[in-house]
Amino acid sequence: MRQEIGLLIAFLLVFINDTFLSKKGQAALPYLAGILMLILTIDGCFVWCSGNVSAFAGMYESTPVVTAIKNILNIGTLIVIIQSVRWANSDFVIMRRGEFYELLLITLFGMYLMISARHFLLFVIGLEAASLPLAAMVAFDKKHYESHEAAVKYILTAVFSSAIFLMGLSFVYGLTGSLYFDKIYMAIVGKECIMLVVALAFVIAGIGFKLSLVPFHLWTADVYQGAPTSVTSYLSVISKGAAAFAFLVIMTQVFGTVYSLAWEWMLYALIILTITIGNLFALRQRNMKRFLAFSSISQAGYIMLGVISMNSVGAASLMYYILVYIFSNLAAFGVIGAIENATGKLDMSDYNGLYKTNPRLAFAMMLAMFSLAGIPPFAGFFSKFFIFTGALQQGSVAIYVLVLIALINTIISLYYYLLVVKAMFINEGPCPVEHFRSSCGERLGLWITVAGIIFLGIVSCFYSHLLDLTAVSNMNMYFIQ
């Protein structure tokens, strides 16, 4: 509960600052939010050493693994706050600047609850607390039609996905008589019935919307394009990371006993469709935010390999993949945001010749693309290597075929990521982006993300520590094949 209480205190301080201080005093609001998130992140490093904590009659549970993933989300949120300072201080946003940080902290609190929930009622509360404020954040540019359209699509998607998820839960409750994860786990041991398969399909579909898994992905590109870039970056990494780990917890701690009977083949199909369709549609995109939207869909498929691994190595690889993805994707969005704030340009053709006018931004974007593509020696290569390794430890023929398809798709993704690098370093544009100086927040955010991309691939202790945490928690115990 220590992290949740700290986050609520941070929210209250931001709210009091926004409500009661003068306009001159509110100028420090972005820096206050950043400092508070930095304190929470540092404090989270010390909470890793604490043991298991249970509350609310077992509905809430915190373990070292849960604490680690929360701290990974804190790191991503801190980077988003740093990168958004210039946008938050712009003339259009400055009057509603406090609302942005308040909504951001509330959504993060909802994600905390999702990750720590061991009862589906608390999970749904966290899910809605994370989803509904995000709809308001997507609609933040209220004078832009695209932002309105994106918000409507997001809220409708959130409503329908929650309805589907709750329908699945009603079937689960009817079968087991409980909403506690451990009681459901014990009640469905050895059960083979159509109702369980249907319930599981609804649960996977409901969370699949949050993760943008195919075929539940159609909202993603429009929402990413219409939302402000700072909101898009938060939505693409923090929200996706929290949903991915919550998905892992539900699949293992609730439905682990019916892995081979029910949900193994469902996820095989979803992973193949998600990676392949995400890659194929990314090839056609020229708007940079839509480009990264389909890239994130494909990346969600790779993240799901950590779930299908059904072992502690897969769980550690999933967490490490989320950490690397946060640095890589936020580096790309940092460059896109800096260029958009300075010039308003978002098309890939606008990046032609970027290296000649803004070499540092071009270098940061190149590293981000290399990491997302999985090119060594950057962190993205090792995240893909570890997640493939965890999957292959399962040893079945089907998993070998699945990893082979994922590897083939990696080659496809390499092509479209290198299109951006080609535009920046080789193509000549008639109207290149003029030289400009990024704000301090944008530069600091890019320095942090670039450092993460480089050092996470070199320093192995990050992955080793996550592997030790998952091994201690004994993730393998939740699977009965």
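Residues numbered from 1 in each chain as written. Predicted model: local features only at pLDDT ≥ 70, side-chain atom pairs only at ≥ 80, totals over all residues. Heavy atoms only, no water.

Engineer: Explain the packing of aromatic side chains residue by residue, including any values.
Structural biologist: Counted according to the given criterion, the structure contains 24 aromatic pairs. Ring centres 5.5 Å apart and planes at 70° place the aromatic pair Y154 and W219 in the edge-to-face group. Highlighted residues: Y154 in helix α8 (residues 145-176) and W219 in the loop between α10 (194-211) and α11 (220-226), separated in sequence by 65 residues. Ring geometry for F281 versus F294: centroids 5.4 Å apart, planes at 15°, classification stacked. Residue F281 is located in helix α13 (residues 259-282), and its partner F294 is located in helix α14 (residues 288-308); the two are separated by 13 residues in the primary sequence. Residue F294 is classed as buried on the basis of its relative accessible area of 7%. Through pairs of rings, three or more aromatic residues link up here, namely Y320, F381, F382, F385 and F386. Above the plane of the ring of Y112 lies K70, whose end atom (NZ or CZ) is 5.3 Å from the centre. Above the face of the Y302 ring, K384 is positioned so that its terminal group lies 4.9 Å from the ring centre. (Phe/Tyr/Trp six-rings, centres within 6.5 Å; stacked < 30°, edge-to-face > 60°. Helix = DSSP H or I, 4+ residues; strand = E, 2+ residues; numbered from the N terminus. Buried < 20%, exposed > 50% of the residue type's maximum accessible area, 1.4 Å probe, protein only. Lys NZ or Arg CZ within 6 Å of the ring centre and 35° of its normal.)

Engineer: So what about helix α17 (residues 359-373)? Which residues, and what values?
Structural biologist: When the terminal C-alpha atoms of α17 are compared, their 21 Å separation across 15 residues agrees well with the 21 Å that a helix rising 1.5 Å per residue should span. Burial within α17 is extensive, with 12 of its 15 residues counted as buried. For α17, the complete set of buried residues consists of L361, A362, A364, M365, M366, L367, A368, M369, F370, S371, L372 and A373. G374 lies just past α17 and shows a positive phi near 85°. (Expected span 1.5 Å × (residues − 1).)

Engineer: Lay out helix α4 (residues 64-83) with the relevant residues and their values.
Structural biologist: The end-to-end C-alpha distance of α4 is 29 Å, a good match for the 28 Å that 20 residues give at a rise of 1.5 Å each. The buried count for α4 comes to 19 of 20 residues, which makes it a mostly enclosed element.

Engineer: Outline empty space enclosed by the protein, supporting the account with residue identities and numerical values.
Structural biologist: Taking a probe equal in size to a water molecule and rolling it over the atoms shows the remaining empty space. The final tally for this structure, using the stated rule, is 3 cavities of 30 Å³ or more. The computed volume of the largest cavity comes to approximately 90 Å³. For the largest cavity, the full set of lining residues is Y154, T157, A158, F209, K210, S212, W219, Y224, L235, S239 and K240. The set of elements that each furnish at least two residues to the lining of the largest cavity consists of α8, α10 and α12 (229-253). Each residue belonging to the lining of the largest cavity can be placed in one class, and the counts come to 6 nonpolar, 3 polar and 2 charged. Empty space within the second largest cavity amounts to approximately 70 Å³. If you trace the second largest cavity, you find it lined by M111, M114, L127, A130, S131, L134, Y154, K210, S239, A242 and A243. Among the secondary structure elements, those contributing two or more residues to the lining of the second largest cavity are α6 (97-116), α7 (120-138) and α12. (1 Å grid on protein atoms, 1.4 Å probe; cavity = no way out; pocket = protein on both sides within 12 Å on 5 of 7 lines; lining within 4 Å. Points joined across faces, edges and corners; volume = space filled by probe spheres on them. Nonpolar A, V, L, I, M, F, W, Y, C, P; charged D, E, K, R; others polar.)

Engineer: Lay out the pattern of salt bridges with the relevant residues and their values.
Structural biologist: All told, the structure shown has 6 salt bridges when counted by the stated rule. Residue K70 is joined to E4 by a salt bridge in which the shortest nitrogen-to-oxygen separation is 2.4 Å. Of the two residues, K70 is situated in helix α4 and E4 in helix α1 (residues 2-20); the sequence distance between them amounts to 66 residues. We note that K70, like E4, is buried. (Salt bridge = Lys/Arg side-chain N within 4 Å of Asp/Glu carboxyl O.)

Engineer: How would you summarise the side chain of N409 if you had to cite specific residues and measurements?
Structural biologist: Mapping N409 onto the fold places it in helix α19 (residues 397-425). You can call N409 buried: its relative accessible area is 3%. Not counting residues within four places of it along the chain, the set of residues in contact with N409 comprises I275, T276, N279 and Y302. (Contact = heavy atoms within 4.5 Å.)

Engineer: Now, about the nonpolar core: what can you tell me, with residues and values included?
Structural biologist: Membership of the largest hydrophobic core comes to 178 residues, with the highest contact counts inside it found for I250 and F255. Ranked by residue count, the leading element in this core is helix α15 (residues 312-343), at 21 residues. Setting aside chain neighbours within four positions, we find I250 in contact with F120, F123, F165, F181, V203, I207 and F255. (Core = buried A, V, L, I, M, F, W, Y, C linked by side-chain atoms within 4.5 Å.)

Engineer: Any details on the environment of F46? Residues and values, ideally.
Structural biologist: For F46, the location among the structural elements is in helix α3 (residues 29-47). Note: C-alpha distance between F46 and S328 (282 residues apart in sequence) is 25 Å.

Engineer: Quick rundown of the side chain of R118? Include the residues and the values.
Structural biologist: One can find R118 in the loop between α6 and α7. Setting aside anything within four residues of it in sequence, one finds R118 in contact with G58, M59, E61, V66, L179, Y180, F181, V249 and Q253.

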